[in-house]
Amino acid sequence: MFRSALHDRPIAFAYLRYVPEPTSIHAKVRDRRSRRWLHRFAFFTAIATLFLICSGGMVTSKGVGLAVPDWPTTFGYNMFLFPVSRWVGGIFFEHVHRLVASSVGILTIILTLWLWFGESRRWLRNLGWAVLALVILQGLLGGLRVTLLKDEIGVFHACLAQMFFGLLIVITLATSRLWQRISVAAVPLGPVRTLVRIAIFTTAVIYLQLALGATMRHEHRDLAIVDFPTAYGQIIPMLTTAKLAEINTWRETQALSEVTPFHIWLQMAHRFLALVVAAGVVACLFRARASGLRGTPLARLSDAWFLLLASQITLGAWVIWSNKAADIATAHVAIGATMLGLGVAIATLCLRLSQGPITVSTRLNSLVSEELHAS
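The model shown is predicted, which means the values in this text are computed figures rather than measured ones. (Residues numbered from 1 in each chain as written. Predicted model: local features only at pLDDT ≥ 70, side-chain atom pairs only at ≥ 80, totals over all residues. Heavy atoms only, no water.)

*Asks:* Looking at this structure, how should I read the confidence of the model for the chain?
*Replies:* Close inspection of predicted coordinates is inappropriate for parts of the model with low pLDDT. With 84% of its residues at a pLDDT of at least 70, the chain reaches an overall mean of 84. Below a pLDDT of 50 lies the segment residues 1-19, which in the model reaches 17 contacts outside its immediate sequence neighbourhood of four places, other chains included. Low confidence marks residues 358-375, where pLDDT is under 50. Its contacts with residues over four positions away, or in another chain, come to 20 contacts. (pLDDT = per-residue confidence, 0-100. Contact = heavy atoms within 4.5 Å.)

Right under this line is the structure:
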């Protein structure tokens, strides 16, 4: 009996470590409040970035990317001192885009420092530095697009913005209370691991789709195909030399710019990938409604993903039917970025769940084993 009591002492000591002292409780409350404000700030930065992407889409859709010909100044003025009276026409959209970009840069610097000094997880602190590096590179690419007059830089500029937005979504999730709650959720790992594969694949295709959209906007000022769901009256256009000449002759009568097979096939690839994205989102919807996952946030996020898909397909058709109206095209860009963000969120939460539940008892048993081993 005496030996048993001695043997159980390390277990008692291990569990006593979890009896909080008053000072410890106050410290935890402060830490919880700090984390809550960090999460809110990360969320605000992500929303500001989404607005920045919309602003950039408006600039490109209206074709006013070079309305301000100098950088980093604006017609020789300091960017922040440019007179409001001169914010007219295309200058307004380009200048506002620069101001929003500068604001996002400042927010990112604050977020990075906040993570570095207030976050204990090393991977999350490093992710903060990664988004800071991306926003600096993004600013440089935006400036080079103006000074070098290269459309290719504009494509990279747009793609990098989507990548930056995706990383901010990961930071926002990792600093949320949902991140802690979902770590102890007991769910079947089989459906989760299937869902994470579908979500990652679909999100990657959405990113490629956004890259194709950016290429289309920067490579050609008009729509390469002006009808939908057909393409010049056919499901898949036959681009013989004679047919292409006929298309360009007709486009000339409509005051549209000339197209090449590359422009047409680029838009056809965009349509084809839309079908792949749709299949992936629907598959995620059914997988997330499987037994064991229906009560998790994954089901609600998948529902929202499907609703956004329906909106995006409608907007994509509307862009063509409206002959690329700037506001419709910008809404199409905004929904596309939001779909990417939702895909990143679903994939990230799936990866978190696929690690299995991390319960308090599991942690206590681990500490008890360490104590017994040490004794």
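*Asks:* What's the story with the side chain of Arg271 in this structure? I'm lost.
*Replies:* Relative to the elements of secondary structure, Arg271 occurs in helix α9 (residues 261-288). Buried within the structure, Arg271 lacks any salt-bridge partner; Asp227 is the closest side chain of opposite charge, at an N-O distance of 5.1 Å. Arg271 has contacts with Ile225, Asp227, Phe228, Pro229, Thr230, Ala231 and Ile320, leaving out every residue within four places of it along the chain. (Helix = DSSP H or I, 4+ residues; strand = E, 2+ residues; numbered from the N terminus. Buried < 20%, exposed > 50% of the residue type's maximum accessible area, 1.4 Å probe, protein only. Lys, Arg positive; Asp, Glu negative; His and termini not counted. Salt bridge = Lys/Arg side-chain N within 4 Å of Asp/Glu carboxyl O.)

*Asks:* How should a nonpolar patch on the surface be read in this particular structure?
*Replies:* A cluster of nonpolar side chains, contributed by Ile109, Leu113, Trp116, Phe117 and Trp129, occupies part of the molecular surface with about 540 Å² of accessible area. Along the chain, the position of Phe117 falls in helix α3 (residues 89-118). (Patch = residues over 30% accessible without salt bridge, like charges linked within 9 Å, V, L, I, M, F, W, Y side chains within 5 Å. Areas by Shrake-Rupley, 256 points an atom, 1.4 Å probe, with all protein chains shown as cover.)

*Asks:* What's the story with the side chain of Asn248 in this structure? I'm lost.
*Replies:* Secondary-structure assignment places Asn248 in helix α8 (residues 241-253). If sequence neighbours within four positions are ignored, Asn248 has contacts with Glu258 and Val259.

*Asks:* Got a minute to help me understand the packing of aromatic side chains in this structure?
*Replies:* What describes a pair of aromatic rings is the distance from one ring centre to the other and the angle between the planes of the rings. Tallied over the entire structure, the rule returns 8 aromatic pairs. When the ring of Trp87 is compared with that of Phe92, the centres are 6.5 Å apart and the planes differ by 55°; the resulting orientation is tilted. The partly exposed category is assigned to Trp87, whose relative accessible area is 24%. A centroid spacing of 5.3 Å and a plane angle of 80° characterise the contact between Phe92 and Phe93, whose relative ring orientation is edge-to-face. Arg86 extends its terminal NZ or CZ atom over the ring of Phe75, reaching a point 5.4 Å from the ring centre. (Phe/Tyr/Trp six-rings, centres within 6.5 Å; stacked < 30°, edge-to-face > 60°. Lys NZ or Arg CZ within 6 Å of the ring centre and 35° of its normal.)

*Asks:* Looking at this structure, how should I read the environment of Asn248?
*Replies:* Assessed through its relative accessible area of 15%, Asn248 is described here as buried. Residues Asn248 and Val259 lie 11 residues apart in sequence; the distance between their C-alpha atoms is 6.7 Å.

*Asks:* Please clarify how the packing of α9 against helix α10 (residues 297-321) should be interpreted in this entry.
*Replies:* Pairs of packed helices are described in terms of their axes, by the angle between the two and the distance that separates them. Relative to each other, α9 and α10 sit at 160°, their axes nearing to 9 Å. Here α10 runs roughly antiparallel to α9, going by the angle between their axes. Our pair here, α9 against α10, has a crossing hand that is left-handed. Between α9 and α10, the residues in contact are Gln267, Arg271, Val277, Ala278, Val281, Val282, Cys284, Leu285 and Ala288 and Leu298, Ala299, Ser302, Asp303, Trp305, Phe306, Leu309 and Ile320, respectively. Of the residues belonging to the contact of α9 with α10, the class tally is 13 nonpolar, 2 polar and 2 charged. (Axes fitted to C-alpha atoms, helices over the stretch in contact; angles between N-to-C directions. Parallel < 35°, antiparallel > 145°, perpendicular 65-115°, else oblique. Left-handed = near helix turned anticlockwise from the far one by under 90°. Nonpolar A, V, L, I, M, F, W, Y, C, P; charged D, E, K, R; others polar.)

*Asks:* It is not clear to me how the nonpolar core should be interpreted in this structure. Could you clarify?
*Replies:* Nonpolar side chains in soluble globular proteins generally cluster together in the buried interior. Among the nonpolar cores identified, the biggest contains 74 residues, and Leu111, Ile171, Trp305 and Met339 are the most heavily contacted of them. Take this core: its biggest share by element is 15 residues, from helix α11 (residues 326-354). Residues within four places of Ile171 in sequence aside, it is in contact with Ala42, Leu111, Leu115, Leu124, Leu127, Gly128 and Val131. Judged by nonpolar contacts, the second largest core, of 10 residues, contains Ala231, Leu244, Ile247 and Val259. (Core = buried A, V, L, I, M, F, W, Y, C linked by side-chain atoms within 4.5 Å.)

*Asks:* Would you mind showing me how to read the packing of helix α5 (residues 151-174) against α11 here?
*Replies:* As a packed pair, α5 and α11 sit with axes 9 Å apart at the nearest point and diverge in direction by 40°. Considered as vectors, α5 and α11 are oriented oblique to each other. Helix-helix and strand crossings are classified by hand; for α5 and α11 the assignment is right-handed. Contacts between α5 and α11 involve Gln162, Phe165, Gly166, Ile169, Val170 and Leu173 on the former and, on the latter, Ala337, Leu340, Gly341, Val344, Ala345, Thr348 and Leu349. Its residues assigned to classes, the contact of α5 with α11 shows 9 nonpolar, 4 polar and no charged.

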